[in-house]
Amino acid sequence: MNVGPFVLFLLATVGLACGKSTNDGGYTAELQRAKATWASAKPTCPSYYYTATVRSFFGFCSETTIDIANDQPTRRSFARFDATGCSNGDAGLLEAWDELGTQQIDTHSDGAPALTVEGLFDVC
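K.L.:
Would you mind going over the environment of Thr 51 in detail, with residue names and values included?
P.N.:
Assignment of secondary structure puts Thr 51 in strand β2 (residues 47–55). Residues Thr 51 and Asp 67 lie 16 residues apart in sequence; the distance between their C-alpha atoms is 9.0 Å. A distance of 3.0 Å separates the side chain of Thr 51 from the side chain of Thr 65, its partner in a polar contact.

Below you can see the structure in the form of structure tokens.
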């Protein structure tokens, strides 16, 4: 699962529009379908990972990969790149780190928070 900046921007835009219109463009229904799909798939996925990617208009980007096992984050990995960026392996790598285990997860200020799929739905 890859939660890119477009999805986050789209969801933030939907959230900002709350109360201004009774028509959400079908996003609430789409979110409910996604939740139902996850609820049925979750028993077969005791562990999973996803990557949150942030890209700037200036070409810089970062990727945070979150590993989840048994509803708990087990690893959070972060990499920040210059303008040659995210799609080129280690080209332009400016910073990278790994957090392992419950004592380290979310100790760095950069990167996406270590959320489960349910946590991502809550943010939406």
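Further notes follow.
K.L.:
Any chance you could break down the pattern of salt bridges for me, citing the residues and the numbers?
P.N.:
As enumerated under the stated definition, the model contains seven salt bridges in all. Ionic pairing is found between Arg 76 and Glu 99, a salt bridge with its closest N-O pair at 2.6 Å. With a gap of 23 residues between them, Arg 76 in strand β4 (residues 72–81) and Glu 99 in strand β5 (residues 93–100) connect regions that are remote in the sequence. Residues Arg 80 and Asp 110 are paired through a salt bridge, measuring 2.5 Å at the closest nitrogen-oxygen approach. With Arg 80 in strand β4 and Asp 110 in the loop between β5 and α3 (117–123), the pair connects residues that are 30 residues apart, well separated along the chain. Exposure remark for Asp 110: the relative accessible area of 30% places this residue in the partly exposed category. Through salt bridges with shared partners, a single ionic network connects Lys 42, Asp 71 and Glu 118.

K.L.:
Go over the side chain of Thr 116, please, and point to the residues and values.
P.N.:
With respect to the helices and strands, Thr 116 occurs in the loop between β5 and α3. Apart from residues no more than four positions distant in its own chain, Thr 116 is found in contact with Tyr 48, Ile 68 and Asp 71.

K.L.:
Give me a nonpolar patch on the surface: which residues, what numbers.
P.N.:
A cluster of nonpolar side chains, Phe 57, Phe 58, Phe 60 and Leu 94, forms an exposed patch at the surface whose accessible area comes to about 590 Å². Judged by relative accessible area, which is 42%, Phe 60 ranks as partly exposed.

K.L.:
Explain the side chain of Thr 64 to me, using residue names and the numbers behind them.
P.N.:
Turning to its location among the elements, Thr 64 is positioned in strand β3 (residues 61–69). The exposure class of Thr 64 is buried, given its relative accessible area of 2%. Among the polar contacts made by the side chain of Thr 64, one reaches the main-chain amide nitrogen of Ala 112 at a distance of 3.1 Å. When neighbours within four sequence positions are excluded, Thr 64 is seen to be in contact with Tyr 50, Thr 51, Ala 52, Arg 76, Ser 77, Phe 78, Gly 111 and Ala 112.

Thresholds applied
Residues numbered from 1 in each chain as written. Predicted model: local features only at pLDDT ≥ 70, side-chain atom pairs only at ≥ 80, totals over all residues. Heavy atoms only, no water. Helix = DSSP H or I, 4+ residues; strand = E, 2+ residues; numbered from the N terminus. Polar contact = N/O pair within 3.5 Å; in protein donor to acceptor, adjacent residues only side chain to side chain. Salt bridge = Lys/Arg side-chain N within 4 Å of Asp/Glu carboxyl O. Buried < 20%, exposed > 50% of the residue type's maximum accessible area, 1.4 Å probe, protein only. Contact = heavy atoms within 4.5 Å. Patch = residues over 30% accessible without salt bridge, like charges linked within 9 Å, V, L, I, M, F, W, Y side chains within 5 Å. Areas by Shrake-Rupley, 256 points an atom, 1.4 Å probe, with all protein chains shown as cover.

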